[in-house]
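Structure at a glance
Chain residues, written in single-letter form:
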Amino acid sequence: MSQVTGFRVGAEFSSYSELHREYRRYQRDRSMQMLTRHTRTIEAQRRRAPKRPMNDALKFAEIDYVCNHGGKLFKTKDSANSQSRDGDKFVVKEMNESHNHTVPQVKAEHTHQPGGVFVSATASDCQHSALSPTPSDARAAMSQVTGFRVGAEFSSYSELHREYRRYQRDNSVQMWTRHSRTIEAQRRRAPKRPMNDALKFAEIDYACIHGGKLFKTKGFGNRPIHRTNKMKCPCVIKVRLSADGDKLVVKVINESHNHTVPQEEEERLQHQRLCVKALRVDPTSIVSLRSNGVGVKVQLGEVAGKVLADEDAHSPARKEKCGEFKVNETDLEKMVPTLAAVKDGRVVMVVNKANVLQAIYYQDGRMKQTFERFPEVLLVGATYSWAGLRLPTYLLLAIDGNGESELASLWFLQSEKRDTVRQLLRIFRQKNPAAEGTRAVVVGGKVCDGELVTDVLPHCKPLACLTHTLSVFQDDLTAEKLHLTAGQQSQLLQILHSMCYATSTEDYDLLYRQLLDSNAESAVDYFHKTWHESRCQWVEGFKHENESYLTSTLQRVQALSQRLAATVEDFSDVTSFTRDHLKAVDTVRAECDQRVLQREPPAGPEDNSAESFYRELLTDFAFRRVRRELEEAEWVSFLSVEAERAWPVCRRRALVTDQASCQCPFRTSMRLPCRHVLALRRRLGSDLFQPSLCAGRWRQEHFLGGQLPPASLRERDKVQQERYRQAFKVARKLSSLATRCPAEDFGRCLAVMTAATDIWARGGQVQVTEINVTGATQQESSSPATEAS
């Protein structure tokens, strides 16, 4: 066998390439894997024996080839393979072909091939070994069927990719590209090696989706552990560039998995569920777009021959329909007749110099009336898509006396341009004289910002949305834009984030000095140019110095837009969308009115306390806020108190309070009595109830539009409320007693209460007769409850 392979003691090789070819053939014929454990180059050997002749073309003077299962290095003064005495040839000095383990041929094919790469192998104290090959018929058959086998060649990347996809389909596995190196990158590593650019890649490793290292979190375990596919699966296929650089060759195949591979489970993976191209091009030819999701899924699955999920049935139809209804000038004009047909509706069309429609301004009677009664704070936000329609829409909201969000106007835009938004805001001011009473406008966006609001409404204070401000900081403070290091970026983001929540001028100045000391000149210049002068618009402590009702974000606009979008039918044309949108607005208003009517008044004392007077004066929303302040006022302490002023203890900022005003954010932004004012009035012996402390917008009279029910009706409501409280106490006690009775008697008790309820519902009267302990009934009645005429 040594003669066959060319490796025998005393065999000579005239060049290193000849030796390497025999080394590779030896491993292939013996189905084993070896490695180069020791080498010494000609240059290194010449330093040890400078007078000895050596041929530089041989490259090495000593080489030791050992099995890859070899253990600790054996230190010897003689090398296994060394040069001949004349220094012109390689001579094999020693050979040991025995192994202390089995060497199956299939394992050699899966772990290493000549010129390939190594895969994991179990280390053992190997002395060296070689056994006769034992091929695996099953694995060899699978490789031949799929076309992936060790040594298989592919002349193009497309051919390899087709075989890769067929391999996954035929074997019911899902794989991914774990490693790749392009031809361009490989050429930088080996510039003299010939390579075919059409192959695209020089190295590709395909691995099972369950392969790879397990994810190790760096957190503290506060968040739940999310599901991962990583299970350290060893299945891998490694493809490398051939020696001539003209083909891709499969070097390693390991088809073993450490998990089960049921075909039904693999078919449910996302890549295996992709529909064929014909379905994605014309989904309407298969099933109606307005069919139910189950029918769509079944029909698409039958045509595609795949197991589809619910989202697969909707994604092709949604993708196609979204492209059909792009809003253009004609489509936007179709909205005008429907909007103009609304009673008391106002429609204003905005056109450019070429007389092309750019936007539509819409406001109905209730929108105008609501804004006239509650004009103090205006929220301006935008949404950009409605169930497939690409239609930028601005929602203008007002906050009514009960804390509910009410629409003040709607703007439909062809495209979001700054000049168009400015013109729409001017129209809003012209059509609504109550805009002169607006104190704050909350905005969030690059088009409608504080500068634009100040230009059109100079008497209003623009307030930037907190969420939008933090998002802009995150986008602008990057290494690409401001040339920051990772440490500087993290430090600056933390400082600016803290600035947003600063509650006083002292806190802001302290953080501002930290920003200046960060030595990031580009970031400091950006901050001075963009944010420093407008700090009253985005710092929380400065935003609530005026009437803002503690509104810092546009969450109200986002919530309302989501509710409107939920009631609009998917994939409708512009006319249907307009009609459905108006119905959705009416539905939201009806729900708001229903909540106001059904909401029970907060429970409280009926005496002449300040809490009862505030409950009679204010709306439900405002009273709940004042009641909380009354409770917290008992815990307020003062640093010092004078005749009319006091300095309450506050850990956030220094405050000055008198009996009618306070510098805290609640008092300045809500226009309701705060805990500091109430605590000072209690300490000075003044009455806690003072109507002048409450803004008119929070009073029930203003909220109901000046139409309060007559005094007789209000007195009757009080009587009904008192009766309800008394009956509720008895009913609660009755329920508690029924739950404590024995199990066999509970059904009879429940029947008694049900019978009494039914009789009262019909307008009858109930007479109760007690049954003695022995079970004998009285002569009056033997039934649980008897209806009296």
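See the structure above.
Read on for an overview of the structure. Here the structure is a predicted model, which means the values were calculated and not measured.

**Comments concerning the overall build of the protein**
Along its length, the protein carries 32 helices and 22 strands. Looking at the protein as a whole, 41% of its 789 residues are labelled buried. Restricting to contacts in the protein with at least 6 residues of sequence separation, those with at least 24 account for 62%. Roughly 45,200 Å² of accessible area belongs to the protein as shown, and the carbon and sulfur atoms make up 50% of that amount.

**Some remarks on the sheet that holds strand 9 (residues 236-241)**
Taken in spatial order, the 5 strands of this open sheet run 6-10-9-8-7, and their pairing is antiparallel. Of all the strands in the sheet, just strand 6 (153-154) and strand 7 (175-182) have a single pairing partner and so form its edges.

**Points about the packing of aromatic side chains**
Applying the stated criterion to the full structure yields 22 aromatic pairs. Taken together, a centroid distance of 5.0 Å and an interplanar angle of 65 degrees make the contact between Phe371 and Phe428 edge-to-face. Of the two residues, Phe371 is situated in helix 14 (residues 365-373) and Phe428 in helix 15 (residues 418-431); the sequence distance between them amounts to 57 residues. Neither Phe371 nor Phe428 differs from the other in exposure class; each is buried. Taken together through their ring pairs, the aromatic side chains of Phe473, Tyr508, Tyr512, Phe527, Trp531, Trp538 and Phe542 make up a single cluster. We note Arg697 situated over the ring of Trp698; from NZ or CZ to the ring centre the distance is 4.8 Å.

**Some thoughts on the nonpolar core**
Core analysis: the biggest nonpolar cluster contains 64 residues, and Met335, Phe412, Tyr614, Leu618 and Leu672 have the highest contact counts within it. At 6 residues, helix 25 (residues 574-598) tops the list of elements feeding residues into this core. Every residue in contact with Tyr614, bar those within four places of it in the chain, is listed here: Phe623, Val626, Leu630, Pro673, Leu678, Leu688, Phe689, Gln690, Leu693 and Cys694.

**Considering the pairing of strand 14 (residues 393-399)**
On a regular strand, one side chain projects to one face of the sheet and the next to the other, so that they alternate. Extensive coverage of strand 14 is indicated by the burial of 7 of its 7 residues. Of the two faces of strand 14, the one holding Thr393, Leu395, Leu397 and Ile399 and the one holding Tyr394, Leu396 and Ala398 are both buried throughout. Bridge count for strand 13 (residues 377-383) against strand 14 is 6 bridges, and the pairing is antiparallel. Bridge assignment links Gly381 to a residue of strand 14, and that residue is Leu395. Hairpin remark: strand 14 followed by strand 15 (residues 405-413), antiparallel, with 5 residues in the connecting loop; positive phi at Gly403, about 80 degrees.

**Describing the pairing of strand 18 (residues 638-641)**
Here strand 18 runs beside strand 19 (residues 645-648); their pairing, made up of 3 bridges, is antiparallel. Pairing of Phe638 across the sheet is with Pro648, part of strand 19. Where strand 18 folds back on strand 19, the antiparallel hairpin that results is connected by 3 residues.

**Digging into unusual backbone geometry**
At Asn355, a residue that is not glycine, the phi angle is positive and equals roughly 60 degrees. Relative to the helices and strands, Asn355 resides in the loop between strand 11 (346-351) and strand 12 (357-363). In this model, Asn519 sits at a positive phi of 60 degrees, which is unusual for a non-glycine residue. One can find Asn519 in the loop between helix 20 (505-516) and helix 21 (521-532).

**Examining the sheet that holds strand 20 (residues 657-658)**
Within a sheet, each strand pairs with its neighbour through backbone hydrogen bonds, oriented either parallel or antiparallel. Here 3 strands make up an open sheet; going across it, the order is 18-19-20 and the pairing antiparallel. Of all the strands in the sheet, just strand 18 and strand 20 have a single pairing partner and so form its edges. With respect to the sheet, helix 29 (residues 675-684) is in contact with strand 18, strand 19 and strand 20, its orientation differing from that of strand 18 by roughly 50 degrees.

Calculation rules
Residues numbered from 1 in each chain as written. Predicted model: local features only at pLDDT ≥ 70, side-chain atom pairs only at ≥ 80, totals over all residues. Heavy atoms only, no water. Helix = DSSP H or I, 4+ residues; strand = E, 2+ residues; numbered from the N terminus. Buried < 20%, exposed > 50% of the residue type's maximum accessible area, 1.4 Å probe, protein only. Contact = heavy atoms within 4.5 Å. Areas by Shrake-Rupley, 256 points an atom, 1.4 Å probe, with all protein chains shown as cover. Pairing = 2+ DSSP bridges. Phe/Tyr/Trp six-rings, centres within 6.5 Å; stacked < 30°, edge-to-face > 60°. Lys NZ or Arg CZ within 6 Å of the ring centre and 35° of its normal. Core = buried A, V, L, I, M, F, W, Y, C linked by side-chain atoms within 4.5 Å. Axes fitted to C-alpha atoms, helices over the stretch in contact; angles between N-to-C directions.

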